[in-house]
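Observations on the model geometry
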Amino acid sequence: YWLHNRGPAPLGGLPAVAHLHPHRVAATADRVALRLTVASDCTDARLSGAIDLIGPPGCTVTPARLPVDLEPGAHREADLTVTLPAGAAPGHYPVRAQLRITGDELPAAWRQTVEDVCVITVGGADGPLLRLSEDPAEIVLRAGERGRVALAVATDCHADLAVEAHVISPWGTWEWIGPAAVGAVLPAAGQVRLEFDVAP
């Protein structure tokens, strides 16, 4: 809840959210059953849009897209099947559900993409989803100088992941460092560099 209204567990204010159940599952066969729920937190408008189900390369999610049509306060459920490729290599296979509400009459902030992720594990893999591949290096600056704090994260997952890094610094230094959060798409079995500017 400290994510300040980002992600699938908002404090409130997002018009709708989508959840995949369970969030982590060990595959015991080539087919994995998931449940998707979508709920409207809107009290005065009907919401329409779609949820796209994005599986790792070689995997099939059925259905791949679900229409969304919710009365105020309503919710819906759907059963999904993820089919893994024959002989899938051990590892983590993230499945992403991306909810997009449409309608020009709605505020732009309501049309942001809301995502939830289920990680399917094949072959008993137990490694982390993310790891630091480059620690942030210490920087020393005088007032008026500029510098950059950088780190790199990597994954062995068999699909892209959305990642986000936050700066945590002492009170009184927040305006020196920005942006407060940086997001990126971490490619499958790859790494991405995240950077923050520092200007005391």
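Here's a quick rundown of the structure. (Residues numbered from 1 in each chain as written. Predicted model: local features only at pLDDT ≥ 70, side-chain atom pairs only at ≥ 80, totals over all residues. Heavy atoms only, no water.)

Taking strand neighbours across the sheet as the criterion, the 5 strands line up as 2-9-8-4-6 in an open arrangement whose pairing is mixed. At either end of the open sheet lies a strand with only one pairing partner, and these are strand 2 (24-26) and strand 6 (65-70). On average, each strand axis in the sheet is inclined to that of its neighbour by 20 degrees, with strand direction left out of account. (Pairing = 2+ DSSP bridges. Helix = DSSP H or I, 4+ residues; strand = E, 2+ residues; numbered from the N terminus. Axes fitted to C-alpha atoms, helices over the stretch in contact; angles between N-to-C directions.)

As a further point, take the nonpolar core. Formed by 34 residues in total, the largest nonpolar core has its most connected members in Leu36, Ile51, Leu53, Leu99 and Ile120. Residue assignment for this core shows that the elements contributing at least two residues are strand 1 (16-21), strand 3 (31-40), strand 4 (47-54), strand 6, strand 7 (75-83), strand 8 (91-102) and strand 9 (114-122). If you tally residues by element for this core, the top one is strand 8, at 5 residues. With residues near it in sequence (within four places) discarded, leucine 36 still touches Ala18, His19, Leu20, Ile51, Leu66, Arg76, Glu77, Ala78, Leu80 and Ala97. Counting 11 residues, the second-largest nonpolar core is a separate cluster that includes Cys157, Val182, Val192 and Phe196. (Core = buried A, V, L, I, M, F, W, Y, C linked by side-chain atoms within 4.5 Å. Buried < 20%, exposed > 50% of the residue type's maximum accessible area, 1.4 Å probe, protein only. Contact = heavy atoms within 4.5 Å.)

Attention shifts here to the pattern of salt bridges. Counted by the stated rule, this structure contains 11 salt bridges. We note a salt bridge from arginine 46 to aspartate 69, for which the minimum N-O separation is 2.8 Å. Linking arginine 46 in the loop between strand 3 and strand 4 with aspartate 69 in strand 6, this pair joins segments that are 23 residues apart in sequence. Looking at aspartate 69, the relative accessible area reads 38%, which means it is partly exposed. Linking glutamate 195 and arginine 148 is a salt bridge whose minimum nitrogen-to-oxygen distance equals 3.0 Å. In this pair, glutamate 195 is assigned in strand 15 (residues 191-198) and arginine 148 in strand 11 (residues 147-154), connecting sequence segments 47 residues apart. (Salt bridge = Lys/Arg side-chain N within 4 Å of Asp/Glu carboxyl O.)

Attention now goes to the pairing of strand 3. A regular strand places its side chains so that they alternate between the two faces of the sheet. Where strand 1 and strand 3 come together, 6 bridges link them in antiparallel fashion. Within the sheet, the bridge partner assigned to alanine 18 lies in strand 3 and is valine 38. With 9 bridges joining them, strand 3 and strand 7 adopt antiparallel strand pairing. Along strand 7, the bridge assignment pairs leucine 36 with alanine 78.

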